[in-house]
Amino acid sequence: MEEKNNMLVNDCSFAGIRPIMMDLPYPPIQVEEKNPSYANLLSVDYCGSVSEMSAITQYINNENRMSGERCSLAKTILGIAMAEMMHLQKLGELIFLLGGTVDFTARYQNGRAMMWTPEYLQIPGNIKNMLQADIEAEQGAIKQYEMHIRMMNDKRVIAVLERIILDEEYHIMLLRTLLHTY
């Protein structure tokens, strides 16, 4: 953070930041047939408490709080957030193809429906705790994706979820490395 003419200015440039993900293609976004039950499972991954929407928002909040003093760390966090945005977009496409509704409402198997809320987020006070919360969120996402994969019988949807898991595992590796640095 730099002071110029009695103004505080964040001099951390985010130009050229790209999504941080595995260097592998995603499978085509296709489904074998409409399946509202599968769409509901994916709605939880899309915008439930453990979801891409929660991950994006948590990463962006952490990036904002880091950017003034830890520019390189903030850039990495933003790159991870961008990958999570791509996951959100792919899940939204799958939900639509499966016959579901994309409206930031997670539809659980017990019939409960919950609209996404920032109350799902963890907002720790220091960088180590932010990174640890991010690692835990990625681990929770992987467990949830694996559970949903076991509940599905659509090879095309499963292929996309398995590819997303590869990114989440990569994010955990990066976050653990960053955690040991700070």
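Residues numbered from 1 in each chain as written. Predicted model: local features only at pLDDT ≥ 70, side-chain atom pairs only at ≥ 80, totals over all residues. Heavy atoms only, no water.

Asker: Honestly, the state of the cysteines in this entry has me stumped. Any pointers?
Answerer: As used here, a disulfide is simply a covalent bond connecting the sulfur atoms of two cysteines. One pass over the structure, following the stated rule, counts one disulfide. Between the sulfur atoms of Cys12 and its disulfide mate Cys71 the distance is 2.0 Å. Between Cys12 and Cys71, the S-S dihedral sits near 85°, and the bridge is therefore right-handed. One end of the pair, Cys12, is in the loop between strand S2 (7-9) and helix H1 (36-47); the other, Cys71, is in helix H3 (residues 71-97), with 59 residues separating them in the sequence. (Disulfide = S-S within 2.5 Å. Helix = DSSP H or I, 4+ residues; strand = E, 2+ residues; numbered from the N terminus.)

Asker: Where do I start with H1 in this structure?
Answerer: Each full turn of the α-helix corresponds to 3.6 residues, which orients residues three or four apart in the same direction. When the terminal C-alpha atoms of H1 are compared, their 16 Å separation across 12 residues agrees well with the 16 Å that a helix rising 1.5 Å per residue should span. H1 sits mainly inside the fold: nine of its 12 residues count as buried. Those residues of H1 that sit buried are Tyr38, Ala39, Leu41, Leu42, Ser43, Val44, Asp45, Tyr46 and Cys47. Against helix H2 (52-66), H3, strand S3 (105-107), helix H4 (127-150) and helix H5 (155-181) lie the buried residues of H1. (Expected span 1.5 Å × (residues − 1). Buried < 20%, exposed > 50% of the residue type's maximum accessible area, 1.4 Å probe, protein only. Contact = heavy atoms within 4.5 Å.)

Asker: Please explain the packing of H2 against H3 as it appears in this structure.
Answerer: Remark: H2 packs on H3, axes separated minimally by 8 Å, with the N-to-C direction vectors making an angle of 160°. When the axes of H2 and H3 are compared, the pair comes out roughly antiparallel. H2 and H3 meet at a crossing whose hand is left-handed. Between H2 and H3, the contacting residues are Glu52, Met53, Ala55, Ile56, Tyr59, Ile60, Asn62, Glu63 and Met66 on the first element and Cys71, Leu73, Ala74, Ile77, Leu78, Ile80, Ala81, Glu84, Met85, His87, Leu88 and Leu91 on the second. Partitioning the contact of H2 with H3 into residue classes produces 16 nonpolar, two polar and three charged. (Axes fitted to C-alpha atoms, helices over the stretch in contact; angles between N-to-C directions. Parallel < 35°, antiparallel > 145°, perpendicular 65-115°, else oblique. Left-handed = near helix turned anticlockwise from the far one by under 90°. Nonpolar A, V, L, I, M, F, W, Y, C, P; charged D, E, K, R; others polar.)

Asker: Would you mind going over the environment of Val102 with me for this structure?
Answerer: Within the secondary structure, Val102 is located in the loop between H3 and S3. What makes Val102 partly exposed here is its relative accessible area of 37%. Here the alpha-carbon distance between Val102 and Lys90, two residues 12 residues apart in the chain, equals 12 Å.

Asker: Hey, could you run me through the layout of surface pockets in this one?
Answerer: Any space left empty among the atoms is revealed by the rolling of a water-sized probe across them. Approximately 210 Å³ is the volume attributed to the largest pocket. In terms of lining residues, the largest pocket is bounded by 17 residues, among which Ser49, Val50, Ser54, Gln58 and Ala137 are the most central. Of all the elements, H4 adds the most residues to the lining of the largest pocket, at five residues. Grouping the amino acids of the lining of the largest pocket by side-chain chemistry returns six nonpolar, six polar and five charged. (1 Å grid on protein atoms, 1.4 Å probe; cavity = no way out; pocket = protein on both sides within 12 Å on 5 of 7 lines; lining within 4 Å. Points joined across faces, edges and corners; volume = space filled by probe spheres on them.)

Note that all results are geometric; they support no functional claim without further evidence.
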